[in-house]
Amino acid sequence: EDQVTQSPEALRLQEGESSSLNCSYTVSGLRGLFWYRQDPGKGPEFLFTLYSAGEEKEKERLKATLTKKESFLHITAPKPEDSATYLCAVQITSGTYKYIFGTGTRLKVLA
Amino acid sequence: EPEVTQTPSHQVTQMGQEVILRCVPISNHLYFYWYRQILGQKVEFLVSFYNNEISEKSEIFDDQFSVERPDGSNFTLKIRSTKLEDSAMYFCASRVTSGKYHEQFFGPGTRLTVL
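My aim in this report is to walk through the structure given alongside it, one point at a time. Here, residues in each chain are numbered from 1, in the same order as that chain's written sequence. Each chain is given a letter, starting from A, and each ligand a number, starting from 1, according to the order in which they appear as written. Whole-chain, interface and lining totals are the exception, using all residues; otherwise, since this is a predicted model, local features are given only for residues with pLDDT of at least 70 and side-chain atom pairs are given and counted only at 80 or more. Based on all heavy atoms of the structure, the side-chain values leave hydrogens and waters out of the count.

1. Here we look at the sheet that holds strand 3 (residues 19-24) of chain B
All names here are of chain B.
Then comes step 1: At least two bridges found by DSSP between two strands are what make those strands a pair. The secondary structure listing takes helices from DSSP runs of H or I that are at least 4 residues long and strands from runs of E that are at least 2 residues long, numbered from the N terminus. Spatially, four strands are ordered 1-3-8-7 in an open sheet, and the strand pairing comes out antiparallel. The strands lining the two open edges of the sheet, one partner per strand, are strand 1 (5-7) and strand 7 (65-68). Going across the sheet, the axis of each strand differs from the next one's by a mean of 20 degrees, ignoring polarity.
Then comes step 2: Bridge count between strand 3 and strand 8 (residues 75-79): five bridges; the pairing is antiparallel. Bridge assignment links Ile20 to a residue of strand 8, and that residue is Lys78. A fitted line through C-alpha atoms represents every axis, and for helices the fit uses only the stretch in contact; the resulting angles, taken between N-to-C directions, go from 0 to 180 degrees.

Here it is in structure tokens:
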């Protein structure tokens with residue numbers, strides 16, 4: 001069965017304290033892996049797409065990386081406004097591009 | 001910047017009533033999706049829609065659910081007879097047709113409360 005697991009479930013950081021969020025996946029075939037940010041009561045906001053192992057993407061304080069079994073979202077020197085839930089989703093090679101989501105990591109950055 | 005919009009933002013209904021959730025996808029997108037998120041749980045796929053027909057649906061998407069693209073802009077999800085367990089956030093998403101770009105863009109969601 002295709003599965004996506006994110007860890008940790010929740011993370012509290014001090015402002016400026018860098019860390020990484022993990023998304024591990026077991027799927028029949030990976031078409032793409034996606035990172036989203038979700039604020040409370042809002043829809044997921046697209047951050048990154050990764051397609052192949054070794055690929056990296058960066059945006060401001062965020063950097064996403066991909067291996068054959070997992071992806072990391074690195075947060076460098078976070079600010080309180082980075083507080084949100086970060087969602088990982090995968091698309092498998094069969095089917096119609098639906099997403100399989102992980103449960104997310106709730107990030108809280110303290111000032 | 002183009003975005004997916006959804007109405008209403010919050011819908012309260014009585015158990016057994018029909019509800020229609022509305023979405024306006026990004027204008028040049030041709031693949032459409034509905035997902036739901038029960039409070040505190042993960043986002044779950046419901047259905048995908050392309051070329052005026054359902055292309056894939058999950059086990060959740062039973063006979064009580066239907067989707068429609070009644071005109072060139074709207075995409076709707078109908079729940080025929082709501083149950084308490086249908087209470088959730090419902091997200092619409094859309095995607096461009098280019099084979100290179102697979103990311104989906106999500107609307108702000110409709111919070112459905114079934115009493």
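2. Observations concerning the packing of aromatic side chains
Then comes step 1: Stacked, tilted and edge-to-face are the three classes applied to pairs of Phe, Tyr and Trp rings, where Trp contributes its six-membered ring and a pair requires centres within 6.5 Å; stacked means planes under 30 degrees apart, edge-to-face means over 60, and tilted covers the rest. Enumeration according to the criterion identifies 19 aromatic pairs over all chains in this entry.
Then comes step 2: Judged by centre distance (4.7 Å) and plane angle (35 degrees), the ring pair of Phe34 of chain A and Tyr99 of chain A falls under tilted. With Phe34 of chain A in strand 4 (residues 30-38) and Tyr99 of chain A in the loop between strand 9 (84-92) and strand 10 (100-101), the pair connects residues that are 65 residues apart, well separated along the chain.
Then comes step 3: Buried, partly exposed and exposed residues are distinguished by accessible area as a fraction of the type maximum, computed with a 1.4 Å probe on protein chains only: under 20%, between the cut-offs, and over 50%, respectively. For Tyr99 of chain A, a relative accessible area of 2% translates into the label buried.
Then comes step 4: Judged by centre distance (4.2 Å) and plane angle (10 degrees), the rings of Tyr31 of chain B and Tyr50 of chain B are stacked. Highlighted residues: Tyr31 of chain B in strand 4 (residues 31-37) and Tyr50 of chain B in strand 5 (residues 44-50), separated in sequence by 19 residues.
Then comes step 5: When its relative accessible area of 33% is taken as the criterion, Tyr50 of chain B is described as partly exposed.
Then comes step 6: One aromatic cluster in this structure is built from Phe34, Tyr36, Phe46, Tyr99 and Phe101 of chain A together with Tyr33, Tyr35, Phe45, Phe105 and Phe106 of chain B.

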